[in-house]
Structure formats: structure tokens, C-alpha cells
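Coordinate inspection notes
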Amino acid sequence: MTIRPAHIVVIEDEPVTRTALAGYLESFGYRVTECASAESAERVLALENPDLLIVDINLTGKDGLEITREQRARSEIGIILLSGRTDDVDRIVGLELGADDYVCKPFNRRELLARIKNLLRRTAAMRQLARRVVHFAGYTFDTAARHITDAEGATIQLTRGEYELLRAFVLNPGVVMDRDRLLATITHRQNGTNTRTVDVMVKRLRAKLGDDPKVPRIFGTSHGEGYVFTAPLG
């Protein structure tokens, strides 16, 4: 089966920056469409369903903030804003309007690539959850029905807290999540619950899903930070 490369639309009116960035991303296997204005980008978006937008805030005409507002109202497409300004106002407004990330120019291309990869993982996970059922490491997880089965179809019994923790992991593949963040995903916590509760629940999930902490396939440990979901989603 051929895997479709992620489609990135670069909306940047400075031609040297646009062409250089597009060429760099294409060298990593991404499909890239270059747009010099909001109007040309809208024509692309009317015909296709790209995975990610990289948008310069300071476009002539309709600017990047307006594009962000309009696109976020229509879909959960990933959006990274670029700006030559260093003040916080544009960054805060952009994030409030629904941008997923914000990068200042001049940017380090490798850092931007890392942010793109991370965001594409998150948006792919969001699409998987929108379809309710996700597959990983031989398991089938119905996120709405709170039901998980192994490769033979046998049901794995999860508590409510274990389900909520697993759902948080699946929603953030490849992202190191600290214990406080994971604890916040558990809705029915007992009085006195602390971050060590997360360690106990991860240990139980590992046991139920046959994940050896010494050679993890599903839940990796980032020492001093938290945990990361490492299994590929299908």
C-alpha cells in the first residue's frame, strides 16, 4: 500500500522565502503547494484537502490572521503562523484565533521541520479519533464506546480512568506528556490524588496491553518529564 505524503500549503508573499521553504520540505518527501496570496490559497483549498498550512501573518491584502480565523471555522487543519515581528501581540492573537503554532523569522529550518512533524502527528490523531476507531500495536480502540480489543478480538477491560488516560495518549502521539497534564485528563479523581496516580495507571495499562516497560512498544518513559505514546496509529 502506498502511503500518501502529507500535503503542505505554504502561503507566503516573499518569493525567496516561499521557494526556499517549499524546496526544503519537498526534500523530506512532503507534497508542497506554494501560494503568494490568500486568494491563490483559497483556490487550492476549494479543490483539495491539505494537511497543514504555513501562513505568513503579514500578507498583502487578507493577512494570515484572517486566513487562520476563516480556516479554523471550517476545519481542524493544522496551521503554523510565520512572522517577522517579535512582539507577543500577533502570537497571542494568532493562537487565540486557532493557530496551532507560531514561528518567528528568521527561523531555523530544522526546528520548523520538527514542529511540522509534531503537528502532523497531532492532526492525524485528531482525524483518527473523529473516525472513532483507531488501531495500534495489534489493538483496536473505539474511543467513543470505550472499548478495546486485541488482535484475536478479545475485549480488554479498562476502568474509566484508564480509558481517559489512553485516549489522551492516542490524541497526542509522539508528544511527551508530563504527569500533571495526564492527571488533568482523568475526570473522576479521588481526594488526595496526586501525580503518582498517573504512574500507577500507566503501569496498569502496560500490564493490560502487554507493554514491557524495559522494551516499550506503546508507552515510552521520558525520565524526569513524563510519558509518550510511541505506537504507530493505523
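Residues numbered from 1 in each chain as written. Predicted model: local features only at pLDDT ≥ 70, side-chain atom pairs only at ≥ 80, totals over all residues. Heavy atoms only, no water.

The protein chain carries the name Regulatory protein VirG in an unreviewed UniProt entry, which gives Paragemmobacter straminiformis as its organism.

**A closer look at the side chain of Asp-150**
Locating Asp-150 in the fold gives a position in the loop between strand E8 (147-149) and strand E9 (155-156). We note that Asp-150 is buried and unpaired, the nearest opposite charge coming from Arg-217 at a distance of 10 Å. Within polar-contact distance, the side chain of Asp-150 engages the backbone nitrogen of Glu-152 at 2.9 Å. From its side chain, Asp-150 meets the backbone nitrogen of Ala-154 in a polar contact 2.9 Å long. Among residues more than four places away in sequence, those in contact with Asp-150 are Gly-138, Tyr-139 and Ile-156. (Helix = DSSP H or I, 4+ residues; strand = E, 2+ residues; numbered from the N terminus. Buried < 20%, exposed > 50% of the residue type's maximum accessible area, 1.4 Å probe, protein only. Lys, Arg positive; Asp, Glu negative; His and termini not counted. Salt bridge = Lys/Arg side-chain N within 4 Å of Asp/Glu carboxyl O. Polar contact = N/O pair within 3.5 Å; in protein donor to acceptor, adjacent residues only side chain to side chain. Contact = heavy atoms within 4.5 Å.)

**A few points about the packing of helix H3 (residues 64-74) against helix H4 (residues 88-97)**
Each pair of packed helices can be summarised by the angle the axes make with each other and by the distance between the axes. Look at H3 against H4: their axes get within 9 Å of each other, and the N-to-C directions meet at 15°. In this view, H3 runs roughly parallel relative to H4, as classed from their interaxial angle. When you trace H3 past H4, the crossing you get is right-handed. Judged by residue contacts, Leu-65, Thr-68, Arg-69 and Arg-72 of H3 engage Asp-90, Val-93, Gly-94 and Leu-97 from H4. Taken together, the residues of the contact of H3 with H4 sort by class into three nonpolar, two polar and three charged. (Axes fitted to C-alpha atoms, helices over the stretch in contact; angles between N-to-C directions. Parallel < 35°, antiparallel > 145°, perpendicular 65-115°, else oblique. Left-handed = near helix turned anticlockwise from the far one by under 90°. Nonpolar A, V, L, I, M, F, W, Y, C, P; charged D, E, K, R; others polar.)

**Re the environment of Phe-219**
Locating Phe-219 in the fold gives a position in strand E11 (residues 219-222). Through-space distance from the C-alpha of Phe-219 to that of Leu-205 is 8.9 Å; in sequence the pair is 14 residues apart.

**A closer look at the packing of aromatic side chains**
A complete count under the given rule lists six aromatic pairs for this structure. Judged by centre distance (5.1 Å) and plane angle (65°), the rings of Tyr-24 and Phe-28 are edge-to-face. Take Phe-28: its relative accessible area is 42%, and that puts it in the partly exposed class. Between Phe-141 and Tyr-163, the ring centres sit 5.9 Å apart and the planes meet at 70°, which makes this aromatic pair edge-to-face. Placement of the pair is Phe-141 in strand E7 (residues 139-142) and Tyr-163 in helix H6 (residues 160-171), with a sequence separation of 22 residues. Both residues of the pair, Phe-141 and Tyr-163, count as buried. Taken together, Phe-136, Tyr-139, Phe-169, Phe-219 and Phe-229 form an aromatic cluster joined through their ring pairs. (Phe/Tyr/Trp six-rings, centres within 6.5 Å; stacked < 30°, edge-to-face > 60°.)

**Observations concerning the sheet that holds E8**
As summarised here, the arrangement of the four strands in space is E6-E7-E8-E9, forming an open sheet in which the pairing is antiparallel. Looking at the sheet topology across the chains shown, the edges are occupied by strand E6 (133-136) and E9. Bridge count for E8 against E9 is two bridges, and the pairing is antiparallel. Among the inter-strand pairings, Thr-149 is bridged to a residue of E9, identified as Thr-155. On the sheet, H6 packs against E6, E7 and E8 and is oriented at approximately 105° with respect to E7. (Pairing = 2+ DSSP bridges.)

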